[in-house]
Amino acid sequence: MKLYLPKPRLISDIYIEPRITVIQGEHGNLTGESNTHIREVQHHELFKQSNRDSDMSTISVIYGAAGTGKTTLIQKLIYDWATGMIYKEFSFVIHLKIQKLNEIKGPTTFSKLIVDSYPYLENYLDHLWNEPKRLLFIFEDLDQLFQLSTLSDTGRNSDPRHRCMDTESEYFVCDILHCLLQGEFLRGCSVLITIRVWNQKLLHQVAADSTFQVMGFTFEKAKEYFRRYLGNIKNANEMLVFIEQNDILWNMCSVPLFCVTLASSLESFQAQGEGKTTMPIGSHTQVLSDYIAHLLANCGYDANTNRNYLRVVGELAEKGIRQDTLSFEGYTLKDLDSCPPVFISAFLYQDPDKQRRGVIYEFRHSVLRDFFAALTNVLNTTISQLRRMLDEMFADIEGRFGIFSIFLVGLSSRKPTDRLELELQTFTTEVTSCISEWFTQSVSRHLKDMDSKHTQRRFLCLLYCLFEFGDNDIMKNVLKSITTIKLNQLRLKSPDYIVLSRTLISPEVIQELDLSSCFAQPEEIRKLEQVLPRCVILRMNQKNLQDCGVKHVFKLLEKNDCKIQTLELKSNQLTDNCLGELFSALLTNRSLTLLNLSNSSQGGQHDNQFTQETLKHHVHNYAQRKEIRWLCYEPTGLDTRSNLLNLITE
């Protein structure tokens with residue numbers, strides 16, 4: 001696969017406003033008390049007008065979990081200011097990232113701090129300081145300040161030696177920031193800070209006029225983002241159908257950073273032409289791996305530190321799977337004390353626990369919980385333990401480990417984890433070998449009774465695992481022993497059909513495939529056009545195909561390599577309108593010996609509705625050109641449209 005580089009885009013072309021709420025109360029208190037009023041605002045409403053006619057500085061705070069869109073919001077704000085659309089009262093917007101300020105270890109002046117980031121302002125500083133009301137300072141990720149605790153150190157802050165009162169005297173960065181946020185110098189300027197962690201002590205040390213929370217996308221805004229990013233409306237809408245019907249992806253799309261990662265993957269597959277007939281992303285594991293790698297990179301720790309902290313989060317995630325929960329009371333999680341808030345807040349929500357006056361930690365979605373549980377097991381579990389875990393997952397009747405098992409297998413393959421491996425630097429080949437052996441040696445004993453709903457669900461999960469693992473040889477070896485495949489107890493979704501199309505392509509012949517009662521739509525049949533002709537017995541009863549859907553099945557009969565001998569299409573709401581294409585396909589087909597167009601029961605809402613006159617007409621014309629060995633009408637005593645039709649040809 002050749003290297004793909006995303007197309008450059010202007011932020012004005014793809015920006016979608018996240019949900020921003022202003023929380024009015026003392027220091028934006030998120031206590032949930034009745035006197036706290038919440039309303040939604042736009043990014044051009046982040047500063048109060050009231051302070052602009054006074055010498056008071058205006059301080060605004062933006063709070064939001066990792067990936068909810070704070071950085072993009074700041075970029076859009078700066079872009080709109082630079083193009084003259086908003087905040088025309090500011091002559092300069094000075095954007096300073098805390099990661100860069102952390103590199104300054106000794107005392108410095110505020111002027112030097114600005115010049116380090118904006119060297120072209122060096123000869124213009126006096127003019128800036130003379131008009132502080134015309135200045136907007138943006139400090140992004142304040143919670144990542146190495147000396148964050150000093151902002152709430154009352155002893156230090158009251159010491160005159162640490163009180164920065166002008167722009168030319170030398171102080172530590174933390175002292176400069178504290179005095180600026182308290183409005184003690186450059187009075188009248190405006191300051192905007194973003195933080196990830198909800199830190200009450202920090203906020204009480206900031207004289208904030210307004211506090212805002214960025215809450216990510218609504219699902220409608222997520223859809224609009226994909227349409228803008230992908231550009232082509234038709235392709236975007238097709239991708240949205242795939243995403244909306246995919247439980248692994250869709251609920252994560254409230255997170256803007258995840259939308260960016262997913263959109264990039266979709267665009268990559270579109271550009272390489274792979275999205276036309278296959279899964280329009282590399283794999284679910286790849287998308288989640290890229291997303292987590294991005295969050296780890298933003299935390300700024302080395303690989304060894306990342307692994308140690310991830311083990312804590314992963315063990316919590318596995319506990320959540322077994323207890324079927326996403327939320328944990330903070331007072332019970334002593335192990336989390338070893339992880340810095342910057343790391344924890346990248347992956348977990350933190351909400352006030354009103355009953356215990358503590359904190360509740362919560363995974364944003366079960367997908368993240370399952371991914372972290374899988375990741376920590378791949379990194380830290382012995383081979384024998386991993387094999388036992390795989391057997392336990394596939395024996396689980398309740399299905400708690402479905403998505404977890406998909407990620408566990410996907411991460412073991414190493415193929416989709418390049419970016420994540422850069423952040424962690426440890427994926428062993430032994431794990432990959434273990435998964436391969438488990439596939440080939442153990443999986444058949446879990447798939448004996450294909451008639452039960454549980455076994456069928458387990459088999460579908462196996463197909464997802466094979467797809468995520470991405471080894472065609474393993475896929476072929478596993479599936480060659482499974483000659484009868486039944487999924488008639490499941491109601492399949494669009495992504496399921498895509499996975500079927502990617503995995504069931506491995507066997508050259510499928511003895512029997514039963515997709516009855518799966519309610520496939522015409523587009524799902526098209527996804528299986530490479531698989532269905534490989535089946536000797538194909539059952540597609542009670543699928544509500546109707547005439548428009550069954551036409552795609554009839555076209556399969558015209559393929560030169562079609563192996564279908566028995567085709568069942570009972571109770572699909574078929575009418576006389578589809579019979580012309582059926583008999584046309586039969587003229588070229590050389591494999592079909594039995595076609596069942598009957599009804600499973602009489603008088604059902606999905607009954608096929610044929611008339612004897614039309615059937616006789618087509619059969620007469622057909623029989624003149626191709627031998628019919630047996631044609632049988634079976635009267636039912638009911639309306640003739642309910643007659644059974646079994647057609648056997650040579």
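Note that the structure is a prediction, hence the values are computed from the model and not measured.

The rules behind the values
Residue indices begin from 1 for each chain and proceed along its sequence in written order. Predicted model: local features are reported for residues with pLDDT of at least 70 only, side-chain atom pairs are reported and counted for 80 or more only, and whole-chain, interface and lining totals are derived from all residues. Water and hydrogen atoms play no part in the side-chain values, which are based on all heavy atoms of the structure. Labels follow the DSSP assignment, with helices taken as runs of H or I lasting at least four residues and strands as runs of E lasting at least two, numbered in each case from the N terminus. Exposed residues in this analysis have more than 50% of their type's maximum accessible area, buried residues have under 20%, and partly exposed residues fall in between, with area computed by a 1.4 Å probe over protein chains only. Contacts: residue pairs with any heavy atoms within 4.5 Å of one another. With residues, only the protein chains shown are counted as cover, and all accessible areas are computed by Shrake-Rupley using a 1.4 Å probe. Pairing between strands is defined by DSSP: at least two bridges between them are needed. The crossover handedness rule: strands pointing away from the viewer, path from first strand over the helix to second strand clockwise, crossover right-handed. Lining residues are defined by having an atom within 4 Å of a point belonging to a cavity or pocket. Those points lie on a 1 Å grid over the protein atoms alone, cavities being sets where a 1.4 Å probe fits but cannot get out and pockets being open sets with protein on both sides within 12 Å along at least five of seven lines. Grid points are joined across faces, edges and corners, and a volume is the space filled by probe spheres set on the points. Throughout this entry, Asp, Glu, Lys and Arg are counted as charged residues, while Ala, Val, Leu, Ile, Met, Phe, Trp, Tyr, Cys and Pro are counted as nonpolar. The remaining residues, Gly among them, count as polar. When two rings of Phe, Tyr or Trp (its six-membered ring) have centres within 6.5 Å they constitute a pair, described as stacked for plane angles under 30 degrees, edge-to-face for angles over 60, and tilted for the intermediate range. Any pair of N or O atoms that falls within 3.5 Å is considered a polar contact. Within protein, one atom must be able to donate a hydrogen and the other to accept it, and sequence-neighbouring residues count only if both atoms are side-chain atoms. Convention adopted: a line fitted to C-alpha atoms gives each axis, helices being fitted over their contacting stretch, and angles between N-to-C directions are expressed from 0 to 180 degrees. Small angles under 35 degrees read as roughly parallel and large ones over 145 as roughly antiparallel, with 65 to 115 read as roughly perpendicular and the rest as oblique. It is the rotation of the near helix from the far one that decides the hand of a crossing: anticlockwise by less than a right angle makes it left-handed, clockwise makes it right-handed. Scored between 0 and 100, pLDDT is the confidence that the predictor attaches to each residue. Among buried residues, the Ala, Val, Leu, Ile, Met, Phe, Trp, Tyr and Cys ones that are joined through side-chain atoms within 4.5 Å form a nonpolar core. By definition here, a salt bridge exists when the distance from a side-chain nitrogen of Lys or Arg to a carboxyl oxygen of Asp or Glu is within 4 Å.

**Structural notes on the overall build of the protein**
1) Next: Counting its regular elements, the protein contains 27 helices and 17 strands.
2) Next: Each of the 650 residues in the protein was classed as buried or not, and the buried ones make up 54%.
3) Next: Pairs at least 24 residues apart make up 75% of the contacts formed inside the protein by residues separated by at least 6 positions.
4) Next: A total of about 28900 Å² of accessible surface is found on the protein, and carbon and sulfur atoms cover 47% of it.

**Description of the pairing of strand β13 (residues 535–539)**
1) Next: Buried residues dominate β13, accounting for five of its five residues.
2) Next: Pairing geometry for strand β12 (residues 510–514) and β13, over four bridges, is parallel. The residue of β13 that forms the bridge with Glu512 is Ile537.
3) Next: Chirality of the crossover, the property in question, places the unit of β12, helix α24 (residues 522–527) and β13 among those that are right-handed.
4) Next: The parallel pair β13 and strand β14 (residues 566–568), bridged by helix α25 (residues 546–557), forms a crossover whose chirality is right-handed.

**Re empty space enclosed by the protein**
In this approach a probe as big as a water molecule rolls over the atoms, and the regions it shows empty are the leftover space.
1) Next: Counted under the stated rule, the structure contains two cavities of 30 Å³ or more.
2) Next: Of the volumes computed, that of the second largest cavity is approximately 40 Å³.
3) Next: Every residue lining the second largest cavity is listed: Ser91, Phe92, His127, Leu128, Glu131, Arg134 and Leu135.
4) Next: Counted by class, the lining of the second largest cavity contains three nonpolar, two polar and two charged residues.

**Notes on the packing of aromatic side chains**
1) Next: Inspection of every chain in the model, using the stated rule, returns 24 aromatic pairs.
2) Next: For the pair Phe47 and Phe90, a centre-to-centre distance of 5.8 Å together with 75° between the ring planes defines the contact as edge-to-face. In this pair, Phe47 sits in the loop between β2 (37–41) and β3 (58–63) while Phe90 sits in the loop between α2 (70–82) and β4 (92–97), placing the two residues 43 residues apart along the sequence.
3) Next: With relative accessibility at 7%, the residue Phe47 sits in the buried group.

**Re the environment of Glu568**
1) Next: By the element assignment, Glu568 lies in strand β14.
2) Next: Glu568 sits 27 residues away from Leu595 along the chain, and the two C-alpha atoms are 5.9 Å apart.
3) Next: Apart from the residues within four sequence positions on either side, Glu568 is in contact with Leu538, Arg539, Met540, Asn541 and Asn596.
4) Next: A polar contact is formed between the side chain of Glu568 and the side chain of Asn541, at a distance of 2.8 Å.

**Brief notes about the packing of helix α14 (residues 303–323) against helix α16 (residues 366–380)**
1) Next: Running from amino to carboxyl end, α14 crosses α16 at an angle of 120°, the nearest separation of the two axes being 7 Å. As summarised for this structure, α14 and α16 are arranged oblique, according to the angle between their axes. Crossing geometry of α14 relative to α16 is assigned as left-handed. Contacts between α14 and α16 involve Leu310, Arg311, Val313, Gly314, Glu315, Ala317, Glu318, Gly320 and Ile321 from the former and Arg369, Asp370, Phe372, Ala373, Leu375, Thr376, Asn377 and Asn380 from the latter.
2) Next: Of the residues that constitute the contact of α14 with α16, the class distribution is seven nonpolar, five polar and five charged.

**Considering the confidence of the model for the protein**
Predicted coordinates in regions of low pLDDT should not be interpreted in detail.
1) Next: The predicted model of the protein has a mean per-residue pLDDT of 82, with 83% of residues at 70 or higher.
2) Next: Within the model, pLDDT remains below 50 along residues 25–36, and this stretch shows 24 contacts once partners closer than five positions in the same chain are excluded.
3) Next: Confidence over residues 636–644 falls short of pLDDT 50; this stretch has 21 contacts with residues more than four positions distant or in other chains.

**Regarding the packing of helix α17 (residues 383–395) against helix α18 (residues 402–413)**
1) Next: In the contact formed by α17 and α18, the axes pass within 10 Å of each other and the chain directions differ by 145°. Here α17 and α18 pass one another in a crossing that is left-handed. Between α17 and α18, the contacting residues are Leu386, Met389, Leu390 and Met393 on the first element and Phe404, Ser405, Leu408 and Val409 on the second.
2) Next: Its residues assigned to classes, the contact of α17 with α18 shows seven nonpolar, one polar and no charged.

**Brief notes about the nonpolar core**
1) Next: With 142 residues, the main nonpolar core has Phe439 and Leu569 as its most contacted residues.
2) Next: With ten residues, helix α21 (residues 453–469) is the single largest residue contributor to this core.
3) Next: Apart from residues lying up to four places away in sequence, Leu569 is in contact with Met540, Asn541, Leu545, Val550, Val553, Phe554, Leu574, Leu595, Asn596, Leu597, Ser598 and Asn608.

**Notes on the pattern of salt bridges**
1) Next: Counted according to the given criterion, the structure contains 18 salt bridges.
2) Next: A salt bridge links Lys76 to Asp80; the nearest nitrogen and oxygen atoms lie 3.1 Å apart. Taken together, the residues Lys76 and Asp80, both in helix α2 and four residues apart, mark about one turn of the helix.
3) Next: You can call Asp80 buried: its relative accessible area is 2%.
4) Next: Notably, a salt bridge pairs Arg227 with Glu224, separated by 4.0 Å at the nearest N-O pair. Linking Arg227 with Glu224, this pair stays in helix α9 (residues 219–230), spanning three residues, or about one helical turn.
5) Next: By sharing partners, the salt bridges in this structure join Glu220, Lys223 and Glu244 into a single network.

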